Amino acid sequence: MTEARPGPATSASLWEREAEIADVEGAVQSLRADASSSGSLLVFSGEAGIGKTALLAETRRIAEAHGCTVWSARGGETVTSVPFNVIRQLLQPAIVSLMPEEAREYLGDWYEIAGPALGITDPGDRQADPQGVCDGLVVAVRRLAKREWPLVLIIDDAHWADQETLQWLAAFAERLDDLPVLVVVARRPGDVTGERARQLDAVAAAARPVVTLSELTPEAAAGLTRVTLGEHADAPFCREVWAVTGGNPYETVELLAKVQDSELEPVEASAAELRALNRSARGRGLVARLEGLGIDATRFAWAAAILGTAISLDLAAQLAGMQRDEAQRCAELLGAARILTVTDPASGQVADGDLEFVHPLIATAVYRSIPDALRTAMHGQAAWAVTDSGRGAAAASRHLLEVHPDDDPELVEQMREAAREHLAVGAPDAARRCLERALAEPPLPEVHARVLYELGCATLLTAPSITTRHLRAALDMPGLEGDLRVDAVFRLSQALLHNDQLEEAVRTVDAEAALLAPGPARMRLQAVHYMWEGIHAGEEHSPERSRNLAELVKTCTGRDNSERALLILRGFDAMTRGESAEEVVELCDRALVNGRLAPGLGWTDTEWGIELLLMLANAYAYADRLDRADSLYTEALRTYEAAGWSGGHLALAHAYVGVGHRRRGRLREAETALRESLRIAERVGRGLPLYWTATCNLVDTLLARGDVQEASAIAEQYGFAPPYPSTIVLPDTRSVRGRLLLATGRTKDGINELEAAEKAAAARGHHNTVLAPWALDLARALAKDDPSRAAALATDARRRAERFGTDTAIGEALRCAAALESGQRAVRLAAQAVTYLEASPCQYEHAAARVEYGIAARSVSELNKGLMLARSCGADGLVAKAEAVLATGRGLR
């Protein structure tokens, strides 16, 4: 290090920051070079007072000098519980500059999703999906960034940013490759745990190597001392400045300011007084200095510390109990003392509209200096003042979180209202904190169960195990009656299902249903019972269940959603069991109203959940009614995208759109949709049923395309192997994995897997040969070594296919039978397969049948027809097979 001195306009805290400033200069130059260049992320880490804020101020100066637009924001120690606090600060310049119509135009469909989180529009009636809101915020910044290029985003004290902002920042940082934005973040190491720590780590992982700022060297401290106090400052005095401050830039600057104020001579004889002066610049010394400004200034500083960041002068005055002119005077006094930002004497307004503490260390010291009882009381007063100012219960809730429990029913209602507001903008963790605080009050007995129920609903998507505890407690006490109690039981069963406790979910539903008299409520729980059992992949199945369901459905006319649910469940059960496809379609049709989903049974309605509607769509899909299945799959995708649901629901929607494409033989489109599903599922979490659905169908699609190597790689990468999930996956996972093993040459392992699929299907009662095609693949695999068993399997599969009655099932069974034969019998069976599959909506299977028939009949015409179909499907393996036979020309006619 050298003693090179910064220019006069540069902050003293920038001494020995040449390398970091060079990084900033380089990043800004790269940003300005090309509007289509990649973005970049700089992260500066260091302890309190190390000069992070000064470095960010220099970043702003450099960026603005190069013609960049700069947006900045800052976390606050006392406002980490305020959702979207930092990103709202960050986007304020853009939001203020746009008219509402312009904002709608720029954000498009995301306006209604991201707008409430940014505070620019009211939330809708439904609970917002947190992941959807995060994605909406990413899109919002991306679109606004194109308008403001070159754009630099600066976030100070990111360790104190709210969780929702950090979730956005982590997601945004991952997508900088195709967006010319420079993001510069400063944070302290450590001091953060849990989800916020994980998100900060994700941000750091996306950055260039994180730069850890170091303390000033003795030489730099000496240079800074002489620039501030004069060249006559002697070496022992300069050395003591460094020793006292430990080279911390903030403490060094503050100490030298105190030396100037006290007119202390910078010579060795005065060095002993430096430690006492340093104590007065921080901690208790700072508090003593504050108290020396008088009781009014102290009270105003306390009010500002309670409010945190972006401090309104009027609100601080109200909290401090003083008139505005008196508050203005206190603000100016605190500004002169380098505690708060300086007000503008000419206008009488606070610079930039709000007050800020000069440094986070000062804010922390002032906040902690408030006596405990008084601090709690001031938070209560702040909550009242914020509410009275019209900012809403959510804005006041951060203060109410600090108030001691006191049997206050009004506070409970305020926190319940705040939770509803937080949920409406996509901040379930903030809602959870509010409801937990409401429980601590505690609520009155008549509302206690409702608070527990609301808390359980708030944590359903994020913490199933916590949800079960809250909902069980709610159901064990009085207060939940009628439909609300039934809904609580349903949600409890959902949480148990998501927590992989399906049997307990069924028992819970059954126990409550037994207490109810016949009617819609009981029928709803009966339907839920059959729904959970219907998706259970366990090997214990009683035929009695299907008979009971069929008997119950006999009385259903579809007059309400409970009856419609039972009709769907019966249709799905009949489809999996391979009963008549015509009856399956008739049952499903009766569950619709004028061919559409009934009100209350929509994709975003919460009374029944997504599982029921996917059962309906899949019953249609595997009964060869792909027109209706595709309509439902597409409706789900569009609905979730419009509502901003970007989590598991959207992953499943993409997966089943892929299923629809796969069933139709549009293999390229299927692969695209399934890869998108898997991308979203990865974000939600591995091991969940939706993850298995995406992986299984992608492997199945890649095998159909003939890309065995990629199918194998996907299976390896995403753990497509036992143990399998407790809920069923369509198509059958064992059947698909068995086919993969056969395709990769692991014949013995493939046969074992298909035999396991046979056993599981028999135990489960799943006899649909399209849904669980193990028999067809197993018969082909055994054809050489065990032809009699192969023939028996093919015969049984054909019988089951004819019972089900779809063109696809029968055609596939005939294809298998033809593969086991030779000569004219093979030709006749292959021709029959073509006839059935030509009438089927499944074009890949039709193409395969055409190619196989062409080979068996030695027909150039049929091979060319199959080749054309295979190309249109994107079935590259089938194309190669047909082309190879045509290329030889041997025996063809």
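Preceding block: the structure.
Anyway, here's the lowdown on the structure attached to this text. (Residues numbered from 1 in each chain as written. Predicted model: local features only at pLDDT ≥ 70, side-chain atom pairs only at ≥ 80, totals over all residues. Heavy atoms only, no water.)

Quick notes on the overall build of the chain
Right, so step 1: Scanning the chain for helices and strands turns up 44 helices and 7 strands.
Right, so step 2: Principal-axis analysis of the C-alpha atoms places the extent of the chain at approximately 110 × 70 × 50 Å.
Right, so step 3: The 893 residues of the chain split such that 57% are buried.
Right, so step 4: For the chain, the exposed area adds up to about 36,300 Å²; of that, 50% sits on carbon and sulfur atoms.
Right, so step 5: A gap of 7 Å separates the mean positions of the 95 positive and 125 negative side-chain charges of the chain. (Helix = DSSP H or I, 4+ residues; strand = E, 2+ residues; numbered from the N terminus. Buried < 20%, exposed > 50% of the residue type's maximum accessible area, 1.4 Å probe, protein only. Areas by Shrake-Rupley, 256 points an atom, 1.4 Å probe, with all protein chains shown as cover. Lys, Arg positive; Asp, Glu negative; His and termini not counted. Charge placed at Lys NZ, Arg CZ, Asp CG, Glu CD.)

Concerning the sheet that holds strand β3 (residues 151–156)
Right, so step 1: Here 5 strands make up an open sheet; going across it, the order is β2-β3-β4-β1-β5 and the pairing parallel. What marks the edges here is a single partner per strand, and that holds for β2 (69–74) and β5 (211–212).
Right, so step 2: Across 5 bridges, the pairing between β3 and strand β4 (residues 181–187) is parallel. Note that in β4 the partner of Leu151 across the bridge is Val181.
Right, so step 3: Sheet contacts for helix α2 (residues 52–65): β1 (40–45), β2, β3 and β4; angle to β3, the most-contacted strand, approximately 170°. (Pairing = 2+ DSSP bridges. Contact = heavy atoms within 4.5 Å. Axes fitted to C-alpha atoms, helices over the stretch in contact; angles between N-to-C directions.)

Examining helix α14 (residues 295–307)
Right, so step 1: With 13 residues, α14 should cover 18 Å at 1.5 Å per step; its first-to-last C-alpha distance of 18 Å lies within 8% of that length.
Right, so step 2: Most of α14 is tucked away: 10 of the 13 residues are buried.
Right, so step 3: Gly308, located one to two residues past α14, shows a positive phi value of around 95°. (Expected span 1.5 Å × (residues − 1).)

Some remarks on the pairing of β4
Right, so step 1: With respect to burial, β4 is a largely interior element, 7 of its 7 residues being buried.
Right, so step 2: Pairing of β1 with β4 involves 6 bridges; the strand directions are parallel. Bridge pairing in β4 places Leu42 opposite Val184.
Right, so step 3: Between the parallel pair β3 and β4, the chain is carried across by helix α7 (residues 163–174), and the sense of this crossover is right-handed. (Right-handed = clockwise from strand over helix to strand, strands pointing away.)

A short note on empty space enclosed by the protein
Right, so step 1: Going through the model one piece at a time under the given rule, you end up with 5 cavities of 30 Å³ or more.
Right, so step 2: In this structure, the largest cavity spans a volume of roughly 170 Å³.
Right, so step 3: For the largest cavity, the lining is made up of 17 residues, of which Gly76, Glu77, Gly308, Thr309 and Ala363 are closest to its centre.
Right, so step 4: Of all the elements in the fold, those that place two or more residues in the lining of the largest cavity are α14 and α17 (360–369). (1 Å grid on protein atoms, 1.4 Å probe; cavity = no way out; pocket = protein on both sides within 12 Å on 5 of 7 lines; lining within 4 Å. Points joined across faces, edges and corners; volume = space filled by probe spheres on them.)

Brief notes about the nonpolar core
In globular proteins that are soluble, nonpolar side chains generally tend to be buried together.
Right, so step 1: Core analysis: the biggest nonpolar cluster contains 183 residues, and Phe300, Ile339, Phe357, Trp532, Leu566, Trp603 and Val699 have the highest contact counts within it.
Right, so step 2: Considering each element in turn, this core owes the most residues, 10 residues, to helix α30 (residues 610–621).
Right, so step 3: Discounting residues that sit within four places of it in the chain, Ile339 has contacts with Leu286, Arg289, Leu290, Leu293, Leu334, Glu356, Phe357, Val358 and Ile362.
Right, so step 4: Counting residues in each nonpolar core, the second largest holds 54 residues, with Trp71, Val141, Ala145 and Leu166 among its members. (Core = buried A, V, L, I, M, F, W, Y, C linked by side-chain atoms within 4.5 Å.)

Topic: the pattern of salt bridges
Right, so step 1: Scanning all chains against the criterion turns up 62 salt bridges.
Right, so step 2: One salt bridge connects Arg547 with Glu544, and the closest N-O pair in it is separated by 2.7 Å. Within this pair, Arg547 and its partner Glu544 are both found in helix α27 (residues 543–553), separated by 3 residues, close to a single helical turn.
Right, so step 3: Exposure remark for Glu544: the relative accessible area of 36% places this residue in the partly exposed category.
Right, so step 4: For Arg746, the salt bridge goes to Asp749, with nearest N and O atoms at 3.1 Å.
Right, so step 5: On the accessibility criterion, Asp749 (34% relative accessible area) is partly exposed.
Right, so step 6: A single salt-bridge network, built from bridges that share partners, covers Glu533, Arg545, Arg570, Asp573, Arg577 and Glu579. (Salt bridge = Lys/Arg side-chain N within 4 Å of Asp/Glu carboxyl O.)

Overview of unusual backbone geometry
Right, so step 1: Cis geometry marks the peptide bond from Pro722 to Pro723; its omega dihedral reads 0°.
Right, so step 2: Relative to the elements of secondary structure, Pro723 occurs in the loop between α35 (708–717) and α36 (733–743).
Right, so step 3: The amide bond that connects Leu730 to the next residue, Pro731, takes the cis arrangement and shows omega of -5°.
Right, so step 4: Turning to its location among the elements, Pro731 is positioned in the loop between α35 and α36.
Right, so step 5: Of note in the backbone geometry, Glu263 takes a positive phi value of approximately 55° without being a glycine.

A short note on the packing of α30 against helix α31 (residues 626–643)
Right, so step 1: For the pair α30 and α31, interaxial distance at closest approach is 6 Å and the crossing angle is 150°. It follows that α30 is roughly antiparallel to α31 by the angle criterion. α31 is crossed by α30, and the crossing has left-handed handedness. Across from Ile610, Leu616, Ala617, Asn618, Tyr620 and Ala621 in α30, the residues of α31 making contact are Leu626, Arg628, Ala629, Leu632, Tyr633 and Tyr640.
Right, so step 2: Residues belonging to the contact of α30 with α31 are distributed by class as follows: 10 nonpolar, 1 polar and 1 charged. (Parallel < 35°, antiparallel > 145°, perpendicular 65-115°, else oblique. Left-handed = near helix turned anticlockwise from the far one by under 90°. Nonpolar A, V, L, I, M, F, W, Y, C, P; charged D, E, K, R; others polar.)

Details of the environment of Ala537
Right, so step 1: Mapping Ala537 onto the fold places it in the loop between α26 (520–534) and α27.
Right, so step 2: When its relative accessible area of 28% is taken as the criterion, Ala537 is described as partly exposed.
Right, so step 3: Residues Ala537 and Ser726, spaced 189 residues apart in sequence, show a C-alpha to C-alpha distance of 5.1 Å.
Right, so step 4: Excluding anything up to four places from it in sequence, Ala537 contacts Pro725, Ser726, Thr727, Ile728 and Arg764.

Things to note about the environment of Leu31
Right, so step 1: By the secondary structure assignment, Leu31 is in helix α1 (residues 18–33).
Right, so step 2: Given a relative accessible area of 3%, Leu31 falls into the buried group.
Right, so step 3: Sequence-wise, Leu31 and Ala117 are 86 residues apart; in three dimensions their C-alpha atoms are separated by 28 Å.
Right, so step 4: Residues contacting Leu31, with those up to four places away along its chain left out, are Ser37, Cys68, Trp149, Pro150, Leu151, Val152, Pro180, Val181 and Leu182.

Remarks on the state of the cysteines
Right, so step 1: Scanning the entire structure with this criterion turns up 0 disulfides.
Right, so step 2: For Cys434, which is in no disulfide, the shortest distance to another cysteine sulfur is to Cys457 and amounts to 16 Å.
Right, so step 3: By relative accessible area, which is 1% here, Cys434 ends up buried.
Right, so step 4: Cys556 carries a free sulfur, and the closest cysteine sulfur to it, the one in Cys588, is 13 Å from it. (Disulfide = S-S within 2.5 Å.)

None of this, on its own, says anything about what the molecule does.
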